[in-house]
Amino acid sequence: MRDLGAGFRYLLKGQKWVGRHGRQYGFGLLPGLITLVLYAGALVALALWGSGLIDWATPFADDWADPWAGLFRGFLTAVLFALALLLCVLTFTAMTLLVGQPFYESLSERVDRDVSPDGTAPESDLPLWRELWISARDSLRIVARAAVWAVLLFALGFVPVAGQTVVPVIGLFVTGFFLTEELTAVALQRRGVEVRERLALLRSRKTLVWGFGTPLALAFLVPFVAVFLMPGAVVGATLMARDLTGEDTEDGDGAAKRQEDVNAP
């Protein structure tokens, strides 16, 4: 339970940090806005032409008597849109991090320097194109795992009672875990931690991960909220990554304190 509260505090600390650093927060909003526009366009297109796609994919229903063909195709259209919406929620973070890799990398480094006792941050020696490739590759692996869970939970959602009570709660915890993995990847990848090591590290502190990721997953269900919480989520995940790797962290605005010490007579 202690780790559960610690994870939630990292989430709050991340939002507090961006609240004190308005310029970094503004730059951190751009990737989320770009991703939101892309996803919204895809969902609007699916809403407009999804029924036509289902009609094309189910020619065997053309000869069914009314109203069965319409009801069957309407159900499939709703299922298709629901799956697309769930996939958007599960992949929004991964896509935003991919689009905003340079933004969030810089933000994460700034946080590391700010809270590090010696004012330094781990740096990757890889060129940008290599970092983007690794990020995209790892994101696809995580999205594939998340998609398997999404299909399983969607199917379990049809189980009477449990599908409407237990399964949504499990879904939030699963989504929270994968959200945390994607967010901590910004800081951990810079430290040379591979995706399998990251997953093992997160599984060793599941309650910490759930304390951070589950409230975030719940907040991300509200339209547009994810865009505004993403910069602070990256900051909080960086602080959590330091905890997971056993690095010392200063409380408060470490950079400001060091600057005051330098300017002191």
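Within any chain, residue numbers begin from 1 and follow the written order of that chain's sequence. Totals for whole chains, interfaces and linings use every residue, but because this is a predicted model, local features are given only for residues with pLDDT of at least 70 and side-chain atom pairs only at 80 or more, for both listing and counting. As a rule here, side-chain values come from all non-hydrogen atoms in the structure, and water together with hydrogens is ignored.

**Focus: the overall build of the protein**
Our working rule: Every helix listed is a DSSP run of H or I at least four residues long, and every strand listed is a run of E at least two residues long, numbered separately from the N terminus. Note on classification: 1.4 Å probe, protein chains only; a residue is buried when its accessible area is under 20% of the maximum for its type, exposed when over 50%, partly exposed between these limits. We call two residues in contact whenever any of their non-hydrogen atoms come within 4.5 Å of each other. Here the Shrake-Rupley method, with its probe set to 1.4 Å, supplies the accessible areas, and only the displayed protein chains count as covering residues. We count Lys and Arg on the positive side and Asp and Glu on the negative side, and we leave His and both chain ends out. For this purpose, a charge sits on NZ of Lys, CZ of Arg, CG of Asp or CD of Glu.
What the protein contains, in helices and strands, is 10 helices and zero strands. Taken along the three principal axes of its C-alpha coordinates, the protein extends 90 × 35 × 30 Å. By the burial criterion, 40% of the 265 residues in the protein qualify as buried. Taking the contacts inside the protein whose residues are at least 6 apart along the sequence as the reference set, 79% of them involve residues at least 24 apart. In the form shown here, the protein has an accessible surface area of approximately 14000 Å², with 69% of it arising from carbon and sulfur atoms. In the protein, which carries 23 positive and 26 negative side-chain charges, the distance between the mean positions of the two groups comes to 4 Å.

**What to know about the packing of aromatic side chains**
Pairs of aromatic rings are described using the distance from one ring centre to the other and the angle between the two planes. Let me state the cut-off plainly: Working definition: rings of Phe, Tyr and Trp (its six-membered ring) pair if their centres are within 6.5 Å, and the pair is stacked with planes under 30 degrees apart, edge-to-face with planes over 60 apart, and tilted otherwise.
Across all of its chains, the model carries six aromatic pairs by this definition. Taken together, a centroid distance of 6.0 Å and an interplanar angle of 55° make the contact between Phe-60 and Trp-64 tilted. The class for Trp-64 is partly exposed, based on a relative accessible area of 37%. Relative to Phe-178, the ring of Phe-177 has its centre 5.8 Å away and its plane inclined at 85°; by these criteria the two rings are edge-to-face. Like Phe-177, the residue Phe-178 is buried in the burial classification.

**Considerations on the side chain of Asp-114**
For clarity, the cut-off: We define a salt bridge as a side-chain nitrogen of Lys or Arg found within 4 Å of a carboxyl oxygen belonging to Asp or Glu. Definition of a polar contact: a pair of N or O atoms within 3.5 Å, with one able to donate and the other able to accept a hydrogen when the atoms are protein atoms, and with sequence-neighbouring residues admitted only if both atoms are side-chain atoms.
With respect to the helices and strands, Asp-114 occurs in helix α4 (residues 101-115). Salt bridges are absent for the buried Asp-114, whose nearest opposite-charge side chain, Arg-20, sits at 4.5 Å. A distance of 2.7 Å separates the side chain of Asp-114 from the side chain of Trp-17, its partner in a polar contact.

**Re a positive patch on the surface**
The condition that has to hold: A patch consists of residues whose relative accessible area exceeds 30% and which take part in no salt bridge; residues with like charges are grouped when within 9 Å of each other, and nonpolar side chains (Val, Leu, Ile, Met, Phe, Trp, Tyr) when within 5 Å.
On the surface, Arg-2, Arg-9, Lys-13 and Lys-16 cluster together into a positively charged patch. Residue placement: Lys-16 occurs in helix α1 (residues 2-20).

**Topic: the confidence of the model for the protein**
Note the threshold: Summary of the metric used: pLDDT quantifies the predictor's per-residue confidence within the range 0 to 100.
Chain-level pLDDT for the protein is 82 on average; 90% of the residues reach the 70-or-more range. pLDDT under 50 marks residues 254-265. Its contacts with residues more than four places away, or in other chains, come to 10 contacts.

**Points about the nonpolar core**
Quick note on the threshold: Side-chain atoms within 4.5 Å are what join buried Ala, Val, Leu, Ile, Met, Phe, Trp, Tyr and Cys residues into a set we call a nonpolar core.
Within the largest apolar cluster, 44 residues are counted, with the highest numbers of intra-cluster contacts made by Leu-97, Tyr-104, Leu-183, Phe-212, Leu-216, Met-230 and Val-234. Top element by residues in this core is helix α9 (residues 225-244). It accounts for 10 residues. In this view, Leu-97 contacts Tyr-104, Glu-182, Leu-183, Val-186, Met-230 and Val-234; residues no more than four positions away in its chain are not counted.

**What to know about α1**
Given 3.6 residues per turn, any residue in an α-helix points the same way as the ones three and four places further on. Going by this rule: Expected span, for any helix, means 1.5 Å times one less than how many residues it has. In this context, the arc is that of the directions from the helix axis out to the C-beta atoms.
With 19 residues, α1 ought to run about 27 Å at 1.5 Å a step, and its terminal C-alpha atoms sit 27 Å apart, in line with that. Along α1, the residues classified as buried are Ala-6, Gly-7, Tyr-10, Leu-11, Gly-14, Trp-17 and Val-18. Buried residues of α1 fall within an arc of 150° about the axis and therefore sit on the same side. Along α1, the residues that are exposed and aim more than 90 degrees away from the buried face are Arg-2, Lys-16 and Gly-19. In this structure, the buried residues of α1 make contact with α2 (22-57), α4, α8 (206-220) and α9.

**So, the packing of α1 against α8**
Note the cut-off: Axis lines are fitted through C-alpha atoms, for helices just across the contact stretch, and the angle between N-to-C directions can take any value from 0 to 180 degrees. In this scheme, roughly parallel covers angles under 35 degrees and roughly antiparallel covers those over 145, while 65 to 115 is roughly perpendicular and the rest are oblique. Each crossing is labelled by how the near helix is turned from the far one, with a counterclockwise turn of less than a right angle marking it left-handed and a clockwise turn marking it right-handed. Side-chain classes follow a simple rule in which Ala, Val, Leu, Ile, Met, Phe, Trp, Tyr, Cys and Pro form the nonpolar group, Asp, Glu, Lys and Arg form the charged group, and the remainder, Gly included, forms the polar group.
At a minimum axis separation of 6 Å, α1 and α8 run at an interaxial angle of 45°. Judged on the interaxial angle alone, α8 and α1 are oblique. With respect to the hand of their crossing, α1 and α8 are arranged in right-handed fashion. Residues Asp-3, Leu-4, Ala-6, Gly-7, Phe-8, Tyr-10 and Leu-11 of α1 form the contact with α8, whose own contacting residues are Thr-207, Leu-208, Trp-210, Gly-211, Phe-212, Pro-215 and Leu-216. Residue composition of the contact of α1 with α8, grouped by class: 10 nonpolar, three polar and one charged.

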